[in-house]
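Take a look at the letters that make up each chain.
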Number of protein chains: 2
Amino acid sequence: MQIRESLAELSSEPLHASLTAASMESMNLLNNIAGAYPSAVSFAAGRPYEGFFDTDQLFTYLKVFTGYLRDTRGMTEQQIARTLFQYGDTKGVINELIARHLAVDEGVDADPGAIVVTVGFQEALFLVLRALRADDRDTLLAPSPTYVGLTGAAQLTDLPVLPVPSGDGGLDLDELVRLLRTARHAGRRVRACYVTPDFANPVGVSMSVPDRHRLLEIAAAEGLLLLEDNPYGIFHRTPDRRPPTLKSLDPHGRVVYLGSFAKSGVAGARVGFAVADQPMPDGTLLADQLSKIKSMLTVNTSPVAQAVIGGKLIAHDYSLVAANTAETAVYRANLGQVLTGLGARLGTVPGVSWNEPDGGFFVVVTVPFTVDDPFLEHTARTHGVLFTPMHHFYGDGTVSRQLRLSISTLTPDRIEEGLDRLAAAVTDRIAADRASGVAVPTGAAS
Amino acid sequence: MQIRESLAELSSEPLHASLTAASMESMNLLNNIAGAYPSAVSFAAGRPYEGFFDTDQLFTYLKVFTGYLRDTRGMTEQQIARTLFQYGDTKGVINELIARHLAVDEGVDADPGAIVVTVGFQEALFLVLRALRADDRDTLLAPSPTYVGLTGAAQLTDLPVLPVPSGDGGLDLDELVRLLRTARHAGRRVRACYVTPDFANPVGVSMSVPDRHRLLEIAAAEGLLLLEDNPYGIFHRTPDRRPPTLKSLDPHGRVVYLGSFAKSGVAGARVGFAVADQPMPDGTLLADQLSKIKSMLTVNTSPVAQAVIGGKLIAHDYSLVAANTAETAVYRANLGQVLTGLGARLGTVPGVSWNEPDGGFFVVVTVPFTVDDPFLEHTARTHGVLFTPMHHFYGDGTVSRQLRLSISTLTPDRIEEGLDRLAAAVTDRIAADRASGVAVPTGAAS
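Residues numbered from 1 in each chain as written. Chains lettered and ligands numbered in written order. Predicted model: local features only at pLDDT ≥ 70, side-chain atom pairs only at ≥ 80, totals over all residues.

Chemist: Describe in detail the overall build of chain A, supporting the description with residues and values.
Modeler: Looking only at helices and strands, chain A features 16 helices and 14 strands. A compact globule built from 446 residues should have a C-alpha radius of gyration of about 22 Å, and chain A, at 23 Å, falls within 12% of that. Projected onto its principal axes, the C-alpha positions of chain A cover 75 × 65 × 50 Å. Looking at the 446 residues of chain A, the share that counts as buried comes to 55%. Here the contacts in chain A between residues at least 6 apart in sequence split such that 75% fall between residues at least 24 apart. (Helix = DSSP H or I, 4+ residues; strand = E, 2+ residues; numbered from the N terminus. Rg over C-alpha atoms; globule rule 2.2 N^0.38 Å. Buried ≥ 20, exposed ≤ 12 C-beta atoms within 10 Å, placed from the backbone. Contact = placed C-beta atoms within 7 Å.)

Laid out in structure tokens, this is it:
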């Protein structure tokens, strides 16, 4: 019976706390419900639109990139093959191309040497959190509600997150200052604040330009790093009215810019990056420190995957705004259709409201009842529509009367069908609550 | 002066301890010396041979893989494009192909659902260590000397490593048991032992088959997981005399197999995997737990990168032994040339000896003086040859009279040139030591 005892012994020993965290359970539960109702209309997944995917593009991008290595960088065929097949520089191969993209699309002047190319945004985030978490006094500020990947990466580094209330104007900056000072007074070392100024997941809305300037001033005055996440910024309904990124406005070197190509490039390449130009005492940059951690985590980002993104950047003169003209039009149309469709179906229902983002993937709907997981499961089963209950983005048991709709992957007819189903689910539930005498709140969402 | 103060404040706060660890400094120092002497003959880099790299193969592999998705998995063009362009399953896309490879090449019967495809071996290692490190009682056993990436990944998870002496027979198994019991008696929770049974980096030699069986029995009796790393196993001088992997011999489910395609597949794809079929109390497998951590670290391994490896596996009927016939011949010839060349040049020099691996990338040379970094720097500058001082693989200040030669990337003429230079450096140093009256040790290497 030695075998069974040994296995039992393995199983009974605890695993890392991140594996039993509420945010991890949330992801599993949402995935399970989505998997159980595959024919439901899904407003749940925040994935890029699939209508323009084309396998031939992959080969085109790779050829454009090898042409660039040959013609612009003067490589021999052997050097090109080595670049793609061998281990590569830990910091990356396409740093120069990313720097040009940042100049063209984001107004960011980045030194290629201050860029670390990563396995998606998520690895870039992990590298920064791992670098900053030196001991158990360290703390991170982050919006509440927030992206579940932030919560997860923080848990992987045992870094506690101090939630900063975030509403339709983004982060509550007065609360941020108050929480920061209180935490420091209590002996916490508040290292950074995570923020998505543009169309943040899950709230969907953006920070005003004055608030961006004020956040930068707070960061400079308080000695706080800002970790700027910007996957949705280019998907603005009116592209020439995009507000500037924090990084482009930052006179004090307080912003670490964490880039993603998952929505604007090719999600399947899993390429992202960090711009970390903060100087270190030893004369290196923060990027060099992140690179050291990366060398022990993933060694380097696949140069083949980087070649796909590099080729796409070159093919569109370094502009992902230009590369995503068709996609942006889809997202703009979908967002407009969802907002109009909500108005037509639920505009006069007491207690029902929603925000109106200028772009991005998300709309948050407030209803006069608690949006819990049993309601999601009921709606998926009975009405055939999926969304994300907002309580999952708090990660601390917060209840909420809000749900998140993602508009990015649907076609117009599926949106109409989905909104019909959602409206039926909401009005049926309100009617049922009234019939059973449940008080219907109509004030601000909790 | 607010700006300067803020930057100073950032810089003065500590970063994670992994960034100042000895192993991280080792990597930097070795990279700096290699970078300073680019024309030196390098026996330092343990990279795959570059002579057969061919960019066209990349396109071939991708086409083979899309053909497989179309013909074998019955996907439409739209589904193929979605597989490559969209976010993918966290556990991977090519699990079935990897399982077939493991059956063909390694005698391992792996359920595809027990496989997690990772960003190289290094991420697979990190996922396991992150899962197993629950609190500060947890400890890992690992050979000493060992692969620096093991030390680095353990540091990223704040997991202390208890070194197990490892010599020309691999791990000292009596010492392993003694250390394990002593540590547990002292309240440590010893979760696993990292081991590379075949041609381990840096010692180059392999464990005997009886020792493999004994290690498995120890693991079962003591309730210990074994983390098997096997990047070099297929590069055996006599392929039909390869000893079986630990995983293939394991009757007790104690082995987590950590796979690499960096040497046998395409290093630039950065694809590896874990086979973690251990059952958890909740009915899932350890692989499912690793997948959860991966979802917060890199989300999923690039399906484009997986397609490159998947295509290579299919193109060679799932056998990387078959795919690497030419490479194995190069490594076999290089290893033979290095061993013969050492004999011809240093065979009669007192105090100089080396081991004789049956394959792999590494040979360890013992000399009658301490091989420190100043000696490496001197040898690079004066003689134009690079190697790796073995003390870097101890990571704890251990001094050593050994150096590691890597035979994998050189051509025959460069090997001759390099051995001439190395022999000159060694004999010059011995003569200088004699001339200055330094006692020359001739016993076993420390």
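Now, onward.
Chemist: Give me the sheet that holds strand E14 (residues 402-406) of chain B: which residues, what numbers.
Modeler: A sheet is described by the order of its strands in space; here 4 strands give the open sequence E10-E11-E14-E13 (chain B), paired in antiparallel fashion. Only two strands of the sheet have a single partner each, and these edge strands are strand E10 (353-354) and strand E13 (388-389) of chain B. (Pairing = 2+ DSSP bridges.)

Chemist: Which residues make up the interface of chain A and chain B, and what values do they have?
Modeler: When the parts of a complex come together, some accessible area is lost, and that lost area is often taken as the interface size. Between chain A and chain B, the contact holds 80 residues from the first and 80 residues from the second. For the side of chain A that touches chain B, a count of residues per class yields 41 nonpolar, 24 polar and 15 charged. (Nonpolar A, V, L, I, M, F, W, Y, C, P; charged D, E, K, R; others polar.)

Chemist: Lay out the relation of the copies chain A and chain B in plain terms, naming residues and giving numbers.
Modeler: With an axial shift of 0.0 Å and an RMSD of 0.0 Å, the rotation relating chain A to chain B amounts to 180°. Such a turn and shift between the copies fits a two-fold axis. Of every C-alpha in chain A, the one belonging to A:Ala305 sits nearest the axis of rotation, 3.2 Å from it. In this assembly the copies share their binding face: 100% of the residues contributing to the interface of chain A also contribute to that of chain B. (Least-squares fit on C-alpha atoms with pLDDT ≥ 70 in both.)

Chemist: Any chance you could break down the nonpolar core for me, citing the residues and the numbers?
Modeler: Core analysis: the biggest nonpolar cluster contains 276 residues, and A:Ala274 and B:Ala274 have the highest contact counts within it. Setting aside residues no more than four positions away along its own chain, B:Ala274 makes contact with B:Val116, B:Thr118, B:Ala124, B:Leu127, B:Val128, B:Val256, B:Leu258, B:Ala287 and B:Leu290. (Core = buried A, V, L, I, M, F, W, Y, C linked by C-beta atoms within 7 Å.)

Chemist: Lay out the domain arrangement of chain A in plain terms, naming residues and giving numbers.
Modeler: Residues and elements named next belong to chain A. The domain boundaries assigned to chain A delineate domain 1 (2-52 + 324-435) and domain 2 (56-322). The C-alpha centroid of domain 2 is placed 26 Å from the C-alpha centroid of domain 1. In this assembly, 31 residues from domain 1 lie in contact with 31 residues from domain 2. Breaking the side of domain 1 that touches domain 2 down by element, the ones donating at least two residues are helix H2 (22-36), helix H14 (325-346) and strand E11 (362-366). Ranked by residue count, the leading element in the side of domain 1 that touches domain 2 is H14, at 5 residues. (Domains from an automatic or database assignment.)

Chemist: Describe unusual backbone geometry, naming the residues involved and giving the relevant values.
Modeler: Among all residues save glycine, negative phi is the norm, and among peptide bonds the norm is trans. Between A:Asn201 and A:Pro202 the backbone carries a cis peptide bond, its omega angle lying at 10°. Tracing the backbone shows A:Pro202 in the loop between strand E6 (189-195) and helix H9 (209-222). Across the junction of B:Ser144 and B:Pro145, the peptide omega takes the value 5°, indicating a cis bond. Along the chain, B:Pro145 turns up in the loop between strand E3 (138-144) and helix H7 (148-156). Phi is positive for B:Phe199, close to 50°, though the residue is something other than glycine. You can see B:Phe199 is positioned in the loop between strand E6 (189-195) and helix H9 (209-222). Taking the number of C-beta atoms within 10 Å as the measure of exposure, B:Phe199 has 24 and is therefore buried.

Chemist: I'd like a description of the environment of A:Gly51, backed by residues and values.
Modeler: Mapping A:Gly51 onto the fold places it in the loop between strand E1 (41-42) and helix H3 (55-71). In this structure the C-alpha to C-alpha distance between A:Gly51 and A:Val330, which are 279 residues apart in sequence, comes to 9.5 Å.

Chemist: A description of the pairing of strand E7 (residues 225-229) of chain A should follow, citing residues and the corresponding values.
Modeler: All names here are of chain A. Counting buried positions over the 5 residues of E7 gives 5, a clear majority of the element. Across the two faces of E7 the burial is the same, with Leu 225, Leu 227 and Asp 229 and Leu 226 and Glu 228 all buried. Note that E6 and E7 share 4 bridges and pair parallel. Counterpart to Cys 193 in the pairing with E7 is Leu 226. In this view, the connection linking E6 to its parallel neighbour E7 by way of H9 has right-handed handedness. In terms of strand pairing, E7 meets strand E8 (residues 255-260) through 4 bridges, oriented parallel. If you follow Asp 229 over to E8, its bridge partner there is Leu 258. (Right-handed = clockwise from strand over helix to strand, strands pointing away.)

Chemist: Hey, could you go over helix H15 (residues 373-383) of chain B for me, with residue numbers and the actual values?
Modeler: Residues and elements named next belong to chain B. Every buried residue of H15 is accounted for by Leu 376, Thr 379, Ala 380 and His 383. Projected down its long axis, H15 shows its buried positions confined to an angular sector of 115°, all on one face. Among the exposed residues of H15, those pointing more than 90 degrees away from its buried face are Pro 374, Arg 381 and Thr 382. On the buried face of H15, the contacting elements are helix H2 (22-36), strand E12 (385-386), E13 and helix H16 (412-435). Downstream of H15 by a residue or two, Gly 384 has a phi angle that is positive, lying close to 70°. (Arc of directions from axis to C-beta.)

Chemist: An account of the packing of helix H6 (residues 120-132) of chain A against helix H11 (residues 286-297) of chain A is needed here, citing residue identities and associated values.
Modeler: Residue and element names in this part refer to chain A. With their axes 9 Å apart at the nearest point, H6 and H11 run at an angle of 105° to one another. Compared by their axis directions, H6 and H11 come out roughly perpendicular. Only Gln 289, Leu 290, Ile 293 and Lys 294 of H11 make contact with H6, whose side of the interface consists of Leu 127, Val 128, Arg 130 and Ala 131. When its residues are assigned to classes, the contact of H6 with H11 shows 5 nonpolar, 1 polar and 2 charged. (Axes fitted to C-alpha atoms, helices over the stretch in contact; angles between N-to-C directions. Parallel < 35°, antiparallel > 145°, perpendicular 65-115°, else oblique.)

Chemist: Tell me what's going on with helix H8 (residues 173-185) of chain A, and back it up with residues and numbers.
Modeler: All names here are of chain A. Taking 1.5 Å of rise per residue, 13 residues should cover 18 Å, and H8 covers 18 Å from first to last C-alpha, within 8% of that figure. Considered for burial, the residues of H8 that qualify are Leu 176, Leu 179 and Leu 180. End-on, the buried residues of H8 take up no more than an arc of 100°, which puts them together on one face. Exposed side chains of H8 directed beyond 90 degrees from the buried face belong to Asp 174, Arg 178, Arg 181, Thr 182 and His 185. Residues of H8 that are buried make contact with strand E3 (138-144), strand E4 (161-167), strand E5 (170-171), E6 and H9. Backbone geometry just after H8 places Gly 187 at a positive phi near 95°. (Expected span 1.5 Å × (residues − 1).)

Chemist: Which residues make up the sheet that holds strand E14 (residues 402-406) of chain A, and what values go with them?
Modeler: Residues and elements named next belong to chain A. The antiparallel open sheet is built from 4 strands, whose spatial order is E10-E11-E14-E13. Two strands in the sheet have a free side with no partner beyond their single neighbour: strand E10 (353-354) and strand E13 (388-389). The pairing of E10 with E11 spans 2 bridges and is antiparallel. Opposite Ser 353, over in E11, you have Thr 366 as the bridge partner.

Chemist: Quick one: what's the story with the confidence of the model for chain A, residue by residue and with numbers?
Modeler: Residues and elements named next belong to chain A. Scored by pLDDT, chain A has a mean of 94; 96% of the residues are at 70 or more. Counted against residues more than four places away or in other chains, residues 1-9, with its pLDDT under 50, gives 11 contacts. For this predicted complex, the interface confidence comes out at an ipTM of 0.96, alongside a pTM of 0.96. (pLDDT = per-residue confidence, 0-100.)

Chemist: Which residues make up the environment of B:Phe235, and what values go with them?
Modeler: Residue and element names in this part refer to chain B. By the secondary structure assignment, Phe 235 is in the loop between strand E7 (225-229) and helix H10 (246-249). Distance in space between the C-alpha atoms of Phe 235 and Thr 325 is 9.1 Å, their sequence separation being 90 residues. Each residue touching Phe 235, except ones within four places of it in the same chain, is listed here: Phe 199, Thr 328, Tyr 331, Gly 359 and Gly 360.

Chemist: Explain the packing of helix H12 (residues 303-315) of chain A against helix H12 (residues 303-315) of chain B residue by residue, including any values.
Modeler: Orientation of H12(A) relative to H12(B), taken along the N-to-C sense of each, is 125°, at an axis distance of 8 Å. With respect to each other, H12(A) and H12(B) are oriented oblique. Between H12(A) and H12(B) the crossing geometry is right-handed. Where H12(A) approaches H12(B), its residues A:Val304, A:Ala305 and A:Val308 are matched on the opposing element by B:Val304, B:Ala305 and B:Val308. When grouped by side-chain class, the residues that make up the contact of H12(A) with H12(B) number 6 nonpolar, no polar and no charged. (Left-handed = near helix turned anticlockwise from the far one by under 90°.)

Chemist: For the pairing of E6(A), give the residues involved together with the corresponding values.
Modeler: Residue and element names in this part refer to chain A. For E6, the tally of buried residues reaches 6 of 7 residues, placing the bulk of the element in the interior. By the bridge criterion, 4 bridges tie E3 to E6 in an arrangement that is parallel. In the sheet register, Thr 139 faces E6, and the bridge partner there is Val 190.

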